[in-house]
Amino acid sequence: MKYVIGETIIEASDSWSGPNGYRFVYAKDHPNAPKSNQMYEHIVVMEKKLGRFLSNEEVVHHIDGDRSNNHPNNLMVYKDNAVHCFNHYRKIALDSCGNADYVKCWICKEWDTPSNNMISCRGYAHRICSNEYRNKWAKEKRRRLNGSSWN
Ligand SMILES: [Zn+2]
Ligand SMILES: [Zn+2]
C-alpha cells in the first residue's frame with residue numbers, strides 16, 4: 001500500500017488488527033517510524049489526507065468511536081491530547097446526561113453544571129461532596145493513628 005504524503009511516498013504493508021483494537025502497518029520509510037517500523041494505520045491515513053506529517057503533539061481521533069475504522073472520513077486530528085480528552089469528555093457527558101457542558105462529580109457520581117458549586121483539582125467534585133470526603137478521611141486517618149481507639 002502506497003501512501004503519498006505531500007512530496008513523500010511511504011511504502012507500507014497491509015494493515016492488521018492489534019490486541020488494543022487499533023490497526024497497524026509496517027512503514028519502514030516513514031520518518032517517524034519507530035525501530036520496529038510498526039505504526040498506527042490511522043496516523044498514515046490521516047497524514048495522507050492532510051498531505052503532511054503529523055507533529056508529536058497531534059492526536060488522531062476516530063469519530064464513530066470504532067478504533068478499527070480508519071476510513072479517512074472517520075478520522076479527525078486534534079492539536080494535542082488535552083483537546084482530544086476534553087472532547088471525549090464532552091461526548092461522554094452528552095451520552096450520560098444529555099448535556100455536553102456538564103461535568104461529573106467523582107464523589108457522588110452526579111453530572112452537574114461546572115459552575116461555582118464545582119471544584120476541580122482531582123477531577124470535578126461538588127464543594128459539599130469534597131468537604132464531606134475530606135472530613136471523612138481526616139477522621140479515618142485520626143482513627144488509624146490512634147490504633148484501636150474509636151473517636
Ligand atoms: Zn478520540
Ligand atoms: Zn457530588
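Heads up: these notes are all about the structure in this document. Counting restarts for each chain: residues are numbered from 1 in the order of the written sequence. Naming scheme: in the order in which they are written, chains are lettered from A and ligands are numbered from 1. The predicted origin of the model limits local features to residues at a pLDDT of at least 70 and limits the giving and counting of side-chain atom pairs to 80 or more, whereas totals for whole chains, interfaces and linings rest on all residues.

### Details of the overall build of the protein
The way it works is that DSSP assigns letters per residue, a run of H or I at least four long becomes a helix, a run of E at least two long becomes a strand, and they are numbered from the N terminus. Across its full length, the protein carries three helices and 11 strands. Secondary structure elements in the protein, listed N-terminal to C-terminal, are β-β-β-β-β-α-β-β-α-β-β-β-β-α. Compactness check: the protein gives a C-alpha radius of gyration of 23 Å against a globular reference of 15 Å for 151 residues, more than 25% above the reference. In terms of overall dimensions, the protein has C-alpha extents of about 70 × 40 × 25 Å along its principal axes. Residues are called buried when their C-beta atom has 20 or more other C-beta atoms within 10 Å, exposed when it has 12 or fewer, and partly exposed otherwise; all C-beta atoms are positioned from the backbone. In the protein, buried positions account for 16% of the 151 residues. We call two residues in contact when the distance between their C-beta atoms, placed using the backbone, is within 7 Å. Intrachain contacts of the protein at a sequence separation of at least 6 include 21% that bridge at least 24 residues. We compute the radius of gyration over the C-alpha atoms and compare it with the globule rule, which gives 2.2 Å times the number of residues raised to the power 0.38.

### Some details on the nonpolar core
Judged by nonpolar contacts, Tyr3, Ile10, Ala12, Val25, Ala27, Met39, Ile43, Val44, Val45, Met46 and Val60 together constitute the single largest core of 11 residues. Broken down by element, the residue count for this core peaks at four residues, all from helix 1 (residues 41-50). In this structure Ala12 touches Met1, Tyr3, Val25, Tyr26, Ala27 and Val44, once residues within four positions along its chain are discounted. Counting residues in each nonpolar core, the second largest holds six residues, with Tyr102, Val103, Cys105 and Cys129 among its members. A set of buried residues drawn from Ala, Val, Leu, Ile, Met, Phe, Trp, Tyr and Cys, joined through C-beta atoms within 7 Å, is what defines a nonpolar core.

### A closer look at helix 2 (residues 81-97)
To estimate the expected span of a helix, count its residues, drop one, and scale the result by 1.5 Å. Between the first and last C-alpha of helix 2 there are 24 Å, a value that for 17 residues agrees with the 24 Å anticipated at 1.5 Å per step. Positive backbone phi, at 85°, marks Gly98, one or two positions downstream of helix 2.

### Examining the sheet that holds strand 4 (residues 23-26)
Ordered by their spatial adjacency, three strands build an open sheet running 3-4-5, and the pairing between neighbours is antiparallel. Unpaired on one side and paired on the other, strand 3 (16-17) and strand 5 (38-40) mark the two borders of the sheet. Pairing between strands requires that DSSP locate at least two bridges from one strand to the other. Sheet topology places strand 3 next to strand 4; two bridges connect them, and they run antiparallel. Note on strand 4: the bridge partner recorded for Ser17 is Arg23. Here an axis means a line fitted to C-alpha atoms, over the contact stretch when the element is a helix, while the angle between two N-to-C directions is reported on a 0 to 180 degree scale. Its contacts with the sheet place helix 1 against strand 4 and strand 5, and it is angled at close to 65° to strand 5.

### Digging into helix 1
Burial analysis of helix 1 places seven of its 10 residues in the buried class, which makes it a mostly covered element. Looking at helix 1, one finds that the buried residues are Glu41, His42, Ile43, Val44, Val45, Met46 and Glu47. Close packing links the buried residues of helix 1 with strand 1 (2-5), strand 2 (8-11), strand 4, strand 5, strand 6 (59-62) and strand 7 (75-78). Gly51 sits one or two residues past helix 1 and shows a positive phi near 75°.

### Some remarks on the pairing of strand 1
Sheet analysis places strand 1 next to strand 2, joined by four bridges and oriented antiparallel. Within strand 2, the position partnered with Lys2 by the bridge is Glu11. Between strand 1 and strand 2, which pair antiparallel in sequence order, lie two residues; one of them, Gly6, sits at a positive phi of approximately 60°.

### Here's the deal with unusual backbone geometry
Phi at Asn37 is positive, roughly 65°, even though this residue is not glycine. Here Asn37 lies in the loop between strand 4 and strand 5. Taking the C-beta count within 10 Å as the criterion, Asn37 has 14 such neighbours and is therefore assigned partly exposed. In the Ramachandran plot, Lys109 falls in the positive-phi region, its phi being about 65° despite a non-glycine side chain. Within the secondary structure, Lys109 is located in the loop between strand 8 (103-104) and strand 9 (111-112). For Lys109, a count of 9 C-beta atoms within 10 Å puts it in the exposed group.

None of this, on its own, says anything about what the molecule does.
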